[in-house]
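A look at the structure
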Amino acid sequence: MGRIAIELLGISPAHLRLPAALVNGASLVLVGLLTRTLGGGRAAQCLALLATFPIALAFSSVLQYNTTDLFAWSLTILSTARVLRSGDPRNWIGAGAGIGLGVLSKYSIAFPAVSLVVGLLLLPAQRHHVRSRWFWYGAATATILAAPNLLWLATHHFITLQMEHFIHLRDIRLGRAEGYYSDQLRYTFLAFPLAVAGLVSLLRSPRFRLLSAFFLGPFLLIAAAKGRGYYLLPAYPVLYAAGAIALERVLAHRGKLPRNIIRTVVAAAMLANSVAIAWTYLPIWPPGSSGWTWQMDHNQDMADEVGWPEFVAQVAAVRDTLPAADRARLGVLANNYGEAGALALYGPAYHLPTPISSTNSFHARGWGAFDPETVIVTGGTLEDQLYNFDQCSVAATIHAPYGVRNEEAVRHPDILVCHHLRRPWAEVWAHSQEFG
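Report on the accompanying structure.

About the thresholds
Residues numbered from 1 in each chain as written. Predicted model: local features only at pLDDT ≥ 70, side-chain atom pairs only at ≥ 80, totals over all residues. Heavy atoms only, no water. Patch = residues over 30% accessible without salt bridge, like charges linked within 9 Å, V, L, I, M, F, W, Y side chains within 5 Å. Areas by Shrake-Rupley, 256 points an atom, 1.4 Å probe, with all protein chains shown as cover. Salt bridge = Lys/Arg side-chain N within 4 Å of Asp/Glu carboxyl O. Helix = DSSP H or I, 4+ residues; strand = E, 2+ residues; numbered from the N terminus. Buried < 20%, exposed > 50% of the residue type's maximum accessible area, 1.4 Å probe, protein only. Phe/Tyr/Trp six-rings, centres within 6.5 Å; stacked < 30°, edge-to-face > 60°. Lys NZ or Arg CZ within 6 Å of the ring centre and 35° of its normal. Core = buried A, V, L, I, M, F, W, Y, C linked by side-chain atoms within 4.5 Å. Contact = heavy atoms within 4.5 Å. Polar contact = N/O pair within 3.5 Å; in protein donor to acceptor, adjacent residues only side chain to side chain. Pairing = 2+ DSSP bridges. Axes fitted to C-alpha atoms, helices over the stretch in contact; angles between N-to-C directions. Disulfide = S-S within 2.5 Å. Arc of directions from axis to C-beta. Parallel < 35°, antiparallel > 145°, perpendicular 65-115°, else oblique. Left-handed = near helix turned anticlockwise from the far one by under 90°. Nonpolar A, V, L, I, M, F, W, Y, C, P; charged D, E, K, R; others polar.

1. Comments concerning a nonpolar patch on the surface
- Together, Ile4, Leu8, Leu9, Leu18 and Leu22 give the surface a local cluster of nonpolar side chains, amounting to about 520 Å² of exposed area.
- If you list the elements that add at least two residues to the nonpolar patch, you get α1 (2-9) and α2 (13-37).
- Broken down by element, the residue count for the nonpolar patch peaks at 3 residues, all from α1.
- The residue Leu8 is located in helix α1 in this model.

2. Overview of the pattern of salt bridges
- Here the structure, examined in full by the defined rule, presents 13 salt bridges.
- For Arg228, the salt bridge is made with Asp171, and the minimal N-O distance between the two is 3.8 Å. Residue Arg228 is found in the loop between α11 (213-224) and α12 (236-251), and its partner Asp171 is found in helix α8 (residues 159-173); the two are separated by 57 residues along the sequence.
- We classify Asp171 as buried; its relative accessible area is 4%.

3. Some words on the packing of aromatic side chains
- Following the criterion strictly, the structure yields 17 aromatic pairs and no others.
- Consider the rings of Phe135 and Trp136, whose centres lie 5.4 Å apart with planes at 90°: the pair is edge-to-face.
- Given a relative accessible area of 10%, Phe135 falls into the buried group.
- An aromatic cluster is built from Tyr180, Tyr181, Phe215, Phe219, Tyr236 and Tyr240, whose rings are joined through pairwise contacts.
- If you follow Arg365 out to its NZ or CZ, it ends over the ring of Phe362, 4.8 Å from the centre.

4. As for the nonpolar core
- Grouped together as the largest cluster of nonpolar side chains are 63 residues, with contacts concentrated most on Leu34, Leu38, Leu211, Tyr236, Leu239 and Tyr240.
- Examining the composition of this core, we find that 9 residues originate from one element, helix α4 (residues 69-86), more than from any other.
- Every residue in contact with Leu211, bar those within four places of it in the chain, is listed here: Leu38, Ile77, Thr80, Ala81, Leu84, Leu202 and Val238.

5. Quick notes on the side chain of Ser357
- Relative to the helices and strands, Ser357 is located in the loop between α18 (337-346) and β2 (374-378).
- A distance of 3.3 Å separates the side chain of Ser357 from the backbone nitrogen of Thr359, its partner in a polar contact.
- For Ser357, the contacting residues outside a window of four places in its chain are Leu333, Ala334, Asn335, Ala340, Phe362, His363 and Trp429.

6. A look at the sheet that holds strand β4 (residues 414-421)
- One open sheet accounts for 4 strands, arranged β1-β2-β4-β3; its pairing is mixed. The outermost strands of the open sheet, each flanked by one partner alone, are β1 (330-334) and β3 (389-397). Strand-to-strand twist of the sheet, defined as the mean angle between neighbouring strand axes without regard to direction, takes the value 25°.
- Of the strand pairs in this sheet, β2 and β4 are connected by 5 bridges, and their pairing is antiparallel. Paired with Val377 across the strands is Leu416, a residue of β4.
- Its contacts with the sheet place helix α16 (residues 308-320) against β1, β2, β3 and β4, and it is angled at close to 155° to β2.

7. Re the state of the cysteines
- Evaluated as defined, the whole model comprises 1 disulfide.
- Here Cys392 is linked by a disulfide to Cys418, with a sulfur-sulfur distance of 1.7 Å. Taken together, the positions of Cys392 in strand β3 and Cys418 in strand β4 put the pair 26 residues apart, joining distant regions of the chain.
- Residue Cys392 is classed as buried on the basis of its relative accessible area, which comes to 16%.
- Classification of Cys418 as buried rests on a relative accessible area of 0%.

8. A look at helix α14 (residues 290-298)
- Looking only at α14, the buried set comprises Gly291, Trp292, Gln295 and Met296. Around the axis of α14, the buried residues are gathered within 140° of arc, so they sit on the same side. Exposed and facing more than 90 degrees away from the buried side of α14 are Ser290, Asp297 and His298.
- Contact partners of the buried residues in α14: α13 (256-281) and α15 (300-303).

9. A closer look at the packing of α2 against helix α3 (residues 42-60)
- As a packed pair, α2 and α3 sit with axes 9 Å apart at the nearest point and diverge in direction by 155°. Taken as axis vectors, α2 and α3 run roughly antiparallel relative to one another. Handedness of the α2/α3 crossing: right-handed. Seen from α2, the contacting residues are Arg17, Ala20, Ala21, Asn24, Leu28, Val31, Gly32, Thr35 and Arg36; seen from α3, they are Ala44, Gln45, Ala48, Leu49, Thr52, Phe53, Ala56, Phe59 and Ser60.
- Here the residues of the contact of α2 with α3 are counted per class, giving 10 nonpolar, 6 polar and 2 charged.

The structure is reproduced here in structure tokens:
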């Protein structure tokens, strides 16, 4: 998605965010359709969309593996709701498509998939669906869509699972998995009562009770796996849809004035949620302003998005100081995948070599067409690199714009120039795979 955006529109943060915004705009359409499928009118649909909008905003703020999470879950849940409402088993194809697309971006789609199967088996009224050929056609659809990823995994020793395991243990070690239950209150904020009402409504509904499994199952599974709180966010729209419908049914028995007052208060609360998300996650402030500075201090992800063109320019400036003999067999080694990505994206404008990195999938691309003799190193320390190279020195220090204290400027600000790797590149590379 990022490659298509860059090829069509050019390199810019706005262009990279556009696919994320389009996908999550489509996700909101699915939530509206879900609310209608559950029996909600226009007012309930609008309320469900207002409640879901903050999730879509957060997932639209960057282009990453979370980008299509909401879409995949919503397509799966909508298709299941249509099976329950109409009895048409052909909608299992759509549920399978949602699961298959989810696999291509994030394996957490396994949580709703497993919960759906368990819910079907536990509810006697729904157990017959497992015997339907259309249910298995849906399973085949999911497998076909996920096949490119599954085949890649099989031919690469399931290395992505190794990365997932490493990151999971890292998150637990750093305490990022703590606060899972309080995160549910923090992320839903003013929409939490609506979610509770929706869950109660689904559990009391003979027709749509199965849909509660899309929340309860992932809630329990993620907690058992010590996952992070935001993993559960795509499960909330179905609760919002059911809660909005429940609220509209209650208001139908109220007078016009109290009905309008309650609708206004609830809508204002949902909009306040969106404002809070925008304040925290979206680049809505001019760089250097007080609002922008607050975001940089309180949102590390946003701080880490700042300064990449300047970073690459500083690496190019170091390259320009090197003698011609050193540039002949020059490599640029980035210890951080963000640095490697920035160098790959902006480096060609400065005629920098294609960056090499041992982190994540960059490792599979190797160290280039030749064994570099001189290497510009970013994201490392002088002490570590002196262990690897015969000679190494600090050539420059990274300075992020506006004094932003991001990872590059604080944790490893040195740009190093190193000479002569102590061991053959092939030998080093065979044991250098890193995750992060």
